[in-house]
Amino acid sequence: RHSHRLSSLIDKLCLPTLVISDLDSAEPDGYHKAARPLRNKGLISSNYAITDWLIKEKDLDKLIDLPAEKKEFTNETVYKYSIRIAYQTPIKVTFNETSNEALSSTFEDCMVYTNYELFKNFGESDDVGSLIKKIKNAIDAEKTFDELHSEIYSVLRTGKSDLKAEFALDLIYAVEPIKLKVPQYIAEGLEWLQILLSPEEE
């Protein structure tokens, strides 16, 4: 949320930089209230790093389909350096034996869809936190994917200021890290950074 300060700092340091950000889908009017990410609803991103600093595009539909090369920027100063932004991209989820596109706007919901089968297969006897139990219950209860998408969005927007910490701690406590899949947008960003920082081969 302090992207304007970060951009100034990066300009001074000339560091190759990966910015891992949230899409933060929102209504286009008024105070840009947070909204469940959906296509063709006229929604926007409310994230400064995306809309005002780097990509300078608010339209959610355009941002969802933006190719990877449009997320990389090269700045020319005394030194040449690159910035890459990474935010949530669509995920294919099999629900009731059909493939569905899951859109997410934060790390938490993207983590759920990326590891959907893991969350789906938690049992009643598994010792998991209350937030993971709510997500598991939503997966078991909903009859359509749209209902599931809506409920997961609702569960992860409970208004609690410590939601991110709770979610992370629940995962750490309940799941061996090796079993968790890294969201694709983060994996792509880290791969970009690794390639950029790797010494050139002789």
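Residues numbered from 1 in each chain as written. Predicted model: local features only at pLDDT ≥ 70, side-chain atom pairs only at ≥ 80, totals over all residues. Heavy atoms only, no water.

**A look at the overall build of the chain**
The number of helices and strands found in the chain is nine helices and seven strands. Relative to all contacts within the chain whose residues are 6 or more apart in sequence, the contacts with residues 24 or more apart total 56%. Looking at the chain as shown, the accessible area adds up to about 12100 Å², and 51% of this sits on carbon and sulfur atoms. (Helix = DSSP H or I, 4+ residues; strand = E, 2+ residues; numbered from the N terminus. Contact = heavy atoms within 4.5 Å. Areas by Shrake-Rupley, 256 points an atom, 1.4 Å probe, with all protein chains shown as cover.)

**Topic: the pattern of salt bridges**
As enumerated under the stated definition, the model contains four salt bridges in all. The shortest N-O distance in the salt bridge between D146 and R36 comes to 3.1 Å. With D146 in helix α7 (residues 145-155) and R36 in the loop between β2 (25-26) and β3 (44-45), this pair connects stretches of sequence that are 110 residues apart. R36 gets classed as buried once you look at its relative accessible area, which sits at 17%. The closest approach of N and O atoms between D65 and R39, which form a salt bridge, is 2.9 Å. Note that D65 is positioned in the loop between α3 (60-64) and β4 (72-76) and R39 in the loop between β2 and β3, a separation of 26 residues in sequence. The partly exposed category is assigned to R39, whose relative accessible area is 25%. One connected set of salt bridges, linked through shared partners, spans R39, D65 and E101. (Salt bridge = Lys/Arg side-chain N within 4 Å of Asp/Glu carboxyl O. Buried < 20%, exposed > 50% of the residue type's maximum accessible area, 1.4 Å probe, protein only.)

**What to know about the nonpolar core**
Nonpolar side chains in soluble globular proteins generally cluster together in the buried interior. Judged by nonpolar contacts, the single largest core of 32 residues is most densely connected at F119, I135, L148 and F167. Secondary structure elements with two or more residues in this core: β6 (91-95), α4 (107-114), α5 (116-120), α6 (130-141), α7, α8 (163-174) and α9 (184-197). Looking at this core element by element, the count peaks at five residues for α6. When neighbours within four sequence positions are excluded, F167 is seen to be in contact with E108, M111, V112, F119, L131, I135 and L156. In terms of nonpolar packing, the next biggest core, distinct from the first, is built from 17 residues, I64, I83, I85 and L103 among them. (Core = buried A, V, L, I, M, F, W, Y, C linked by side-chain atoms within 4.5 Å.)

**Structural notes on the environment of K56**
Looking at where K56 falls in the secondary structure, it is placed in the loop between α2 (48-53) and α3. For K56, a relative accessible area of 58% translates into the label exposed.

**A closer look at the pairing of β6**
Alternating positions in β6 separate cleanly, I91, V93 and F95 being buried on one face and K92 and T94 remaining unburied on the opposite face. Where β6 lies against strand β7 (residues 98-102), five bridges are found, and the strand directions are antiparallel. Note that in β7 the partner of K92 across the bridge is E101. Linking β6 back to β7 in an antiparallel pair, the connection comprises two residues, with N96 at a positive phi of about 50 degrees. (Pairing = 2+ DSSP bridges.)

**Examining the packing of α4 against α8**
Describing two packed helices takes the angle between their axes plus the distance from one axis to the other. Where α4 meets α8, the closest approach of the two axes is 10 Å, and the angle between their N-to-C directions is 30 degrees. One way to sum up the angle between α4 and α8 is to call them roughly parallel. The segment α4 lies against α8, with E108, M111 and V112 engaging K164, F167 and L171. (Axes fitted to C-alpha atoms, helices over the stretch in contact; angles between N-to-C directions. Parallel < 35°, antiparallel > 145°, perpendicular 65-115°, else oblique.)

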